Amino acid sequence: MESSASAGDAWPRPAVGPVRLADALGWGSSVLGAPMTFAPRRFLRAIGVQEDSKTVAWTLGVGVREHIATLTVIANRQRRIGMWSRVAGDTMDAALLLAAYKHKCADPGRLNIALGLVGGIFAADLYTAVALTRAEGGDISDGSGSTGVGVDHDTGGGPTRVKIAVTIRLPQDEVRKAFRQFEWSAFDPATLEAVGDVRFTKAPGERGTEVHIDHEPPAPGGSIGATAAKLLGQSPDQKINDELRRFKAFVETGVIPRSETSPEGASSARQIMHKRQPAQPIGDNA
Amino acid sequence: MRATCWSGRNTVQVENVPDPKILTDRDAIVKISSTSICGSDLHLYDGYVPSMTKGDILGHEFMGEVVEVGKGVSNLQVGDRVVVPFPISCGNCNMCAKGLFSLCENSNPNAGMAEKLWGHAPCGIFGYSALTGGYAGGQAEYARVPFADVGPIKIENDSLTDDQVLFLSDVFPTGYMAVEVCDIKPGDVVAVWGAGPVGLFAIASAIMLGAERVIAIDRFDYRLDKAREAGATDLIDYEQVSVPVVLKEMTGGRGPDACIDAVGLEAHHSHPVIHGYDRVKQAARLETERPHAIREAIMCCGNGGTVSIAGVYGGFMDKFPIGSLMNRSLTVKTGQAHVHRYLRPLLQRIENGEIDPSFVVSHHLALDDAPKGYEMFKHKTDNCTKVVLNP
């Protein structure tokens, strides 16, 4: 039987507790958001707030916010950002409930319970957000910036951060030269090299050169914008991924392989959005 | 040109589509003289392979005459008669360098899609869904062949007919590789599930590679007759007898040394309850396979034996007998055939008269009759074993 890394190994100690708590709270957002978005009036009755167009609109808005929090924490794995967003959201919820207490109260008892629950959730969110922030700052894990989700490398960073590697069956010098000459649109290769976001290492077993990119392009719209772009296959990290595939193919084969359904070569946008034409000759548009 | 297009579950249509054009310097255009319907095309036809789009041109077994070459193709000339292997392989990447051509790292532009389903991506394949690149297939009058300097093999011996060499494109190497990976030793017993074209070539290859006894398992008499023709020493109709019981008895209780699954994801089981269980789960998309053949192959294989999977599987299966596999030291060998590495040696065997692959052909049809060919092949009517379309 093989055992995993033991005490004293150079692997990061995962901040498993806060990560699991963040995931639970992330899923909890949608559990809470579901009645807000699908049955806002019943939700308002349950928390003792009067039903009118204004309170229903606010409830729907908060419900949508809860689903976005789930997407951020679970789908996008931006736990720290998601938790701090939740802390801000809890503050807003408390303010809304206090305002309702004053002007729209239907059942003070229920409203008191709702306020108490928001307070409890706020405490859990704040604890988790602080713990994750400390972890990414290095206080809990190994200082690599890892959130330690059971992995041996740094997974922190913003929503567009991309860590990707390919192996190219050519010597390092040729790969480096080609990297500088390739027409990248996702980044400037010289800048990437200058800031150390690209590494070239010898692949074991005479398999050529490994190209490692660890880069965080600008994220217009923050985590929400990045999530939306990712759903469309248009996020900066997906573009880098596509271009790195094309680069590998071009350097190794001299051409960028094109199929009838992906005439430009690798394209996340085509794959995700299913903007595929049928696998038929492209004709004069090629 | 005319081409056989997938038009939804259980339908194909022969349509007019644009002629192919050279897209990269390493492309060639082939005017197709013969193309065949593969058993794995039926998985597309039946709707079990995701990422198909209406209008996709089918077909990955084809041959013909080169009519145009890209600037980077120096080994082929216009007029050459070629057989085209179904995997599209660049010849430059680490996988191709190791002879693992069906795992080419560069030929599948939709590798990202395949990685989501399978972890890593295989090569591009002609006419076999977006998951394997979204390439137009060869059941057409013409096809564009990427990396034509690596894949197609020239057939310079004019005495060989299309039917004798066409199956170098897929089913012959697929059946051959399924046996070769079992490392057959003198005295070995090989059992082959499925007497379709891949199974028939596996049977013939097992004999060529020195197996002492080759047992064919199917439920259609005409296919079992073909298996006998291919060299099978014993036949089992799985609807008449219990395969595990008979195999044990036939092998003195040991079980076969090598068990080859040449059936894949749409297997049948003689017991209606067991068949129904997986049929319902597959229809409800709770599993993607009906894995009767592979389950039985594992359970029947002798201790320390090899289970070789040549039949196509797409995703996830239920009730996989991992306990039998692990506790009895079985070895699993599998993979889409690395056709390129078998082209020359198998062509040599054909030229030497060791095998005439045309024995699998049951029907020749015009390209426009492709829909009829698919129906015949799917429903096993008119003793259909292999349909060759001649555009």
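Residues numbered from 1 in each chain as written. Chains lettered and ligands numbered in written order. Predicted model: local features only at pLDDT ≥ 70, side-chain atom pairs only at ≥ 80, totals over all residues.

## Section: the overall build of chain B
For chain B, the helix and strand inventory stands at 13 helices and 17 strands. On C-alpha atoms alone, chain B measures out to a radius of gyration of 20 Å, which is about the 21 Å that the 2.2 N^0.38 rule sets for 391 residues. Across its three principal directions, the C-alpha atoms of chain B cover 60 × 50 × 45 Å. Taking all 391 residues of chain B together, the buried fraction comes to 57%. (Helix = DSSP H or I, 4+ residues; strand = E, 2+ residues; numbered from the N terminus. Rg over C-alpha atoms; globule rule 2.2 N^0.38 Å. Buried ≥ 20, exposed ≤ 12 C-beta atoms within 10 Å, placed from the backbone.)

## Notes on the sheet that holds strand S3 (residues 209-215) of chain A
Residue and element names in this part refer to chain A. If you trace the three strands from one edge of the open sheet to the other, you get S1-S3-S2, paired in antiparallel fashion. Lying at the two open borders of the sheet, with one neighbouring strand each, are strand S1 (162-168) and strand S2 (198-202). For this sheet the average axis-to-axis angle between neighbouring strands, irrespective of direction, equals 15°. Across five bridges, S2 lies against S3 in antiparallel orientation. Counted as the bridge partner of Thr-201 is Glu-210 from S3. The sheet strands contacting helix H9 (residues 236-253) are S1 and S3, and the helix crosses S1 at an angle near 10°. (Pairing = 2+ DSSP bridges. Axes fitted to C-alpha atoms, helices over the stretch in contact; angles between N-to-C directions. Contact = placed C-beta atoms within 7 Å.)

## Looking at the domain arrangement of chain B
Residues and elements named next belong to chain B. When cut into domains, chain B gives domain 1 (2-170 + 338-390) and domain 2 (172-334). Placing the centre of domain 1 and that of domain 2 at their C-alpha centroids yields a distance of 25 Å. Every contact between the two is made by 23 residues of domain 1 and, on the other side, 23 residues of domain 2. Contributing elements (two or more residues each) for the side of domain 1 that touches domain 2: helix H1 (39-45) and helix H12 (340-351). Broken down by element, the side of domain 1 that touches domain 2 gets its largest block of residues, three residues, from H1. When its residues are assigned to classes, the side of domain 1 that touches domain 2 shows twelve nonpolar, six polar and five charged. (Domains from an automatic or database assignment. Nonpolar A, V, L, I, M, F, W, Y, C, P; charged D, E, K, R; others polar.)

## A closer look at the sheet that holds strand S12 (residues 234-237) of chain B
Within a sheet, neighbouring strands are paired by backbone hydrogen bonds and run either parallel or antiparallel to one another. Residue and element names in this part refer to chain B. Strand order across the open sheet formed by six strands is S12-S11-S10-S13-S14-S15, with parallel pairing between neighbours. The sheet terminates laterally at S12 and strand S15 (331-334), the two strands that pair on one side only. Recorded for the sheet is a direction-independent mean angle of 20° between the axes of neighbouring strands. The pairing of strand S10 (residues 189-193) with strand S13 (residues 258-261) spans four bridges and is parallel. In the strand pairing of S13, Ala-191 is matched with Cys-259. Sitting on the sheet, helix H7 (residues 221-230) touches strand S11 (213-218) and S12, and the angle it makes with S11 is about 165°. Those strands touched by helix H10 (residues 292-300) are S10, S13 and strand S14 (306-309), and its axis lies near 180° from that of S13.

## A short note on helix H9 (residues 272-283) of chain B
A rise of 1.5 Å per residue sets the reference length of H9 of chain B, with its twelve residues, at 16 Å; its end C-alpha atoms lie 16 Å apart and thus fit the reference within 8%. At the exit of H9 of chain B stands Arg-285 of chain B, carrying a positive phi of roughly 60°. (Expected span 1.5 Å × (residues − 1).)

## Side note on the confidence of the model for chain B
When pLDDT is averaged across chain B, the result is 96; 100% of the residues are at 70 or more. With pTM at 0.79, the complex prediction returns an ipTM value of 0.92. (pLDDT = per-residue confidence, 0-100.)

## A word on the packing of helix H3 (residues 53-75) of chain A against helix H8 (residues 222-231) of chain A
All names here are of chain A. One way to put it is that H3 packs onto H8 with a least axis distance of 11 Å and a crossing angle of 75°. Considered as vectors, H3 and H8 are oriented roughly perpendicular to each other. Taking contact as the criterion, the partners of Ile-68, Leu-71, Thr-72 and Ala-75 in H3 are, on H8, Ser-223, Ile-224 and Thr-227. For the contact of H3 with H8, the class distribution of residues is four nonpolar, three polar and no charged. (Parallel < 35°, antiparallel > 145°, perpendicular 65-115°, else oblique.)

## Re the domain arrangement of chain A
Each assigned domain of chain A is listed with its residue range as follows: domain 1 (16-137) and domain 2 (162-273). Domain 1 of chain A and domain 2 of chain A are separated by 38 Å when their C-alpha centres are compared.

## Thoughts on the nonpolar core
Ranked by size, the top nonpolar core spans 125 residues in total, and within it Val-190, Val-192, Ala-202, Ile-203 and Ile-260 of chain B carry the most contacts. At eight residues, helix H6 (residues 197-208) of chain B tops the list of elements feeding residues into this core. Counting the residues that make up this core, at least three belong to each of domain 1 (2-170 + 338-390) and domain 2 (172-334) of chain B. Not counting the four nearest positions on each side in its chain, Ala-202 of chain B is found in contact with Gly-175, Ala-178, Val-179, Val-192, Ile-260, Ala-262 and Ala-310 of chain B. Counting residues in each nonpolar core, the second largest holds twelve residues, with Val-19, Val-73, Ala-129 and Leu-132 of chain A among its members. (Core = buried A, V, L, I, M, F, W, Y, C linked by C-beta atoms within 7 Å.)

## Some remarks on the packing of helix H5 (residues 171-180) of chain B against H6 of chain B
All names here are of chain B. Orientation of H5 relative to H6, taken along the N-to-C sense of each, is 50°, at an axis distance of 7 Å. Taken together, the axes of H5 and H6 lie oblique to each other. Note on packing geometry: the crossing formed by H5 with H6 is right-handed. In this structure, H5 uses Val-171, Phe-172, Thr-174, Gly-175, Tyr-176, Ala-178 and Val-179 to contact H6, whose residues at the interface are Pro-197, Val-198, Gly-199, Leu-200, Phe-201, Ala-202, Ser-205 and Ala-206. Looking at the contact of H5 with H6 residue by residue, the class counts come to eleven nonpolar, four polar and no charged. (Left-handed = near helix turned anticlockwise from the far one by under 90°.)

## Quick word on unusual backbone geometry
Non-glycine residue Asp-183 of chain B carries a positive phi angle of around 55°. Among the secondary structure elements, Asp-183 of chain B is positioned in the loop between H5 and S10.

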